[in-house]
Amino acid sequence: MKSVEEWLNALPELAQSTGLQADEQLKRKILRAAAKEKQSKTGFAFHRLAPALCALAVLAGAFAFALPSLRPTGPQMSDVHLIDSQPAGQVQIGQPLALDVPQGSISIQNSRSPSFRSIWAPAAGGNFPLIGVKGSYYRLLTNPTAISADLLGEALGTVDTFTSEPALAGEGGICSNIVNQGETVYAVRTMQGALVAADVGGSVRVFQRVSFGNNALVGREQLADTLRAETAVALELSGVGTVNDPAAAQRLVNILTQNAQFLRPGGGESNQSLLIQLQSGIAVQMAVNGERLIACGTWACPEFFDAFQEALQ
């Protein structure tokens, strides 16, 4: 019988033959599953066989049923069903109110393995569209395209520096490379520190707190301070699945904010995203790379990914 190492060495060839991606994430899941199986059984002979048997079971299950944790390398489904957005002022039984966000803004997918999407506005000219507020930076969201004044909180001040190089503007005031000088920047209601809003081309747009130029946390901040997702109703992890039960979604967010460990102020390349849909109708995002999440700095939280898998079962 092959050993665990032999099965792991054969994994790339087996995965290639099935069109799946054999990476470190799959390897870690096999080893974790083997360890749990070993701890739950007794008997010396079974202990010797458990890791190999568990590796076989994980591989067989992944190949036969296309586990959500494996990212398919082929084309994604295009005819996925989307969760319906809720127009402002209309409430359906059992559905949260989508306050002042235009209909169609909520874009959480209901597919088993949603494709990668980003709701952060792309960079142009070297910098992404942003607002800098006294050392904290916020990136423009493409979704929603507008919110009403009812979602605006306190006025944080006006843009005193409009510049294409925000990193050179200093940290004392409010700067932007997309919001005109003199425009007022507002906190978003219940999201102080995590979201701001300002007029962009005649529409009040939302910006999410992110890292910029290795500027992330300020003082004793934690992830909860920069994310503020206390009203989550759905989560979408691209390539994995969607959790659309509000109680389960909020439990996952709590696991994330309570257990995430800060790694560094910068980010990095990513081909996955975590979308968190809030009760207000606004969605916030974290980029995902393995078991690391990126927004206002890079965070490690393997407990979140384990809990997410359990919530899908």
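Below is a summary of the structure that appears in this document.

Cut-offs applied
- Residues numbered from 1 in each chain as written.
- Predicted model: local features only at pLDDT ≥ 70, side-chain atom pairs only at ≥ 80, totals over all residues.
- Heavy atoms only, no water.
- Pairing = 2+ DSSP bridges.
- Helix = DSSP H or I, 4+ residues; strand = E, 2+ residues; numbered from the N terminus.
- Axes fitted to C-alpha atoms, helices over the stretch in contact; angles between N-to-C directions.
- Contact = heavy atoms within 4.5 Å.
- 1 Å grid on protein atoms, 1.4 Å probe; cavity = no way out; pocket = protein on both sides within 12 Å on 5 of 7 lines; lining within 4 Å.
- Points joined across faces, edges and corners; volume = space filled by probe spheres on them.
- Nonpolar A, V, L, I, M, F, W, Y, C, P; charged D, E, K, R; others polar.
- Salt bridge = Lys/Arg side-chain N within 4 Å of Asp/Glu carboxyl O.
- Buried < 20%, exposed > 50% of the residue type's maximum accessible area, 1.4 Å probe, protein only.
- Parallel < 35°, antiparallel > 145°, perpendicular 65-115°, else oblique.
- Phe/Tyr/Trp six-rings, centres within 6.5 Å; stacked < 30°, edge-to-face > 60°.
- Polar contact = N/O pair within 3.5 Å; in protein donor to acceptor, adjacent residues only side chain to side chain.
- Core = buried A, V, L, I, M, F, W, Y, C linked by side-chain atoms within 4.5 Å.

### What to know about the sheet that holds strand β5 (residues 174-176)
Strand order in the open sheet formed by eight strands is β3-β6-β7-β8-β2-β1-β5-β4, and the pairing between neighbours is mixed. Each edge of the open sheet carries a strand with a single partner, namely β3 (152-158) and β4 (161-162). Two elements, β3 and strand β6 (residues 184-188), share four bridges in a ladder whose sense is antiparallel. Its bridge partner lying in β6, T158 is registered against T184.

### Brief notes about the sheet that holds strand β10 (residues 241-243)
As summarised here, the arrangement of the seven strands in space is β10-β9-β12-β13-β14-β15-β11, forming an open sheet in which the pairing is antiparallel. Strand pairing shows two members of the sheet lacking a second neighbour, β10 and β11 (261-264), which therefore form its edges. Ignoring strand direction, the axes of neighbouring strands in this sheet form an average angle of 25 degrees. In the sheet, β11 pairs with strand β15 (residues 297-300) via three bridges, with the strands oriented antiparallel. Opposite R264, over in β15, you have T298 as the bridge partner. Relative to strand β9 (residues 232-237), helix α5 (residues 246-259) is tilted by about 75 degrees, and along the sheet it contacts β9, β10, β11, β12 (272-278), β13 (283-289), β14 (292-295) and β15. Lying over the sheet, helix α6 (residues 302-312) contacts β9, β10, β12, β13, β14 and β15, oriented at roughly 85 degrees with respect to β10.

### Description of the layout of surface pockets
In this model, the second largest pocket occupies a volume close to 400 Å³. For the second largest pocket, the lining is made up of 19 residues, of which W120, R139, G268, A287 and I294 are closest to its centre. Among the residues making up the lining of the second largest pocket, the classes are represented as eight nonpolar, nine polar and two charged.

### A short note on the pattern of salt bridges
The tally for this structure, following the rule as stated, stands at three salt bridges. Here R228 makes a salt bridge to E230, at a shortest N to O gap of 3.8 Å. Residue classification places E230 among the partly exposed positions, given a relative accessible area of 48%.

### Brief notes about the packing of α5 against α6
It is at 9 Å that the axes of α5 and α6 come closest, and there the two elements cross at 170 degrees. When the interaxial angle is binned, α5 and α6 end up roughly antiparallel. Residues R251, L252, I255, L256 and N259 of α5 form the contact with α6, whose own contacting residues are E303, F304, A307, F308 and A311. Taken together, the residues of the contact of α5 with α6 break down into seven nonpolar, one polar and two charged.

### A word on the packing of aromatic side chains
Considering all chains together, one arrives at five aromatic pairs under this definition. Between F128 and F212, the aromatic rings sit 5.7 Å apart at their centres with planes inclined by 75 degrees, giving edge-to-face as the arrangement. Residue F128 is located in the loop between α3 (44-65) and β1 (130-133), and its partner F212 is located in the loop between β8 (203-210) and α4 (223-227); the two are separated by 84 residues in the primary sequence. On the accessibility criterion, F128 (14% relative accessible area) is buried. Taking the relative accessible area as the measure of exposure, F212 reaches 9% and is therefore buried.

### Digging into the environment of T257
Considering the arrangement of structural elements, one finds T257 in helix α5. In the structure, T257 is positioned 27 residues away from E230 in sequence and 9.9 Å away in space, judged by C-alpha atoms. Contacts of T257, omitting those with residues within four sequence positions, involve L223, A224 and L227. Engagement of the side chain of T257 in a polar contact is seen with the backbone oxygen of N254, the distance being 3.3 Å.

### Things to note about the nonpolar core
Counting residues in hydrophobic clusters, the biggest one holds 54 residues, and the most contacted among them are L235, L256, L274, I276 and F304. Once residues within four sequence positions are removed from consideration, F304 is found in contact with L235, L252, I255, L256, L274 and L293. With 13 residues, the next largest nonpolar core counts A121, I174, V179 and V196 among its residues.

### Details of the environment of T142
Tracing the backbone through its elements, the reader meets T142 in the loop between β2 (136-140) and β3. T142 sits in the partly exposed class, given a relative accessible area of 35%. Once the C-alpha coordinates of T142 and A121 are considered, the two residues, 21 residues apart in sequence, prove to be 5.4 Å apart. Other than its neighbours up to four places away in sequence, T142 contacts S118, I119, W120, A121 and R205.

### A few points about the pairing of β8
With six of eight residues buried, β8 is to be regarded as a mostly interior element. Here β2 runs beside β8; their pairing, made up of four bridges, is antiparallel. Counterpart to Y138 in the pairing with β8 is R209. Direction of pairing for strand β7 (residues 195-200) relative to β8: antiparallel, over a ladder of six bridges. Across the sheet, residue A197 finds its bridge partner in β8, namely V206. Connecting the antiparallel pair β7 and β8 is a turn made up of two residues, with G201 showing a positive phi of about 60 degrees.

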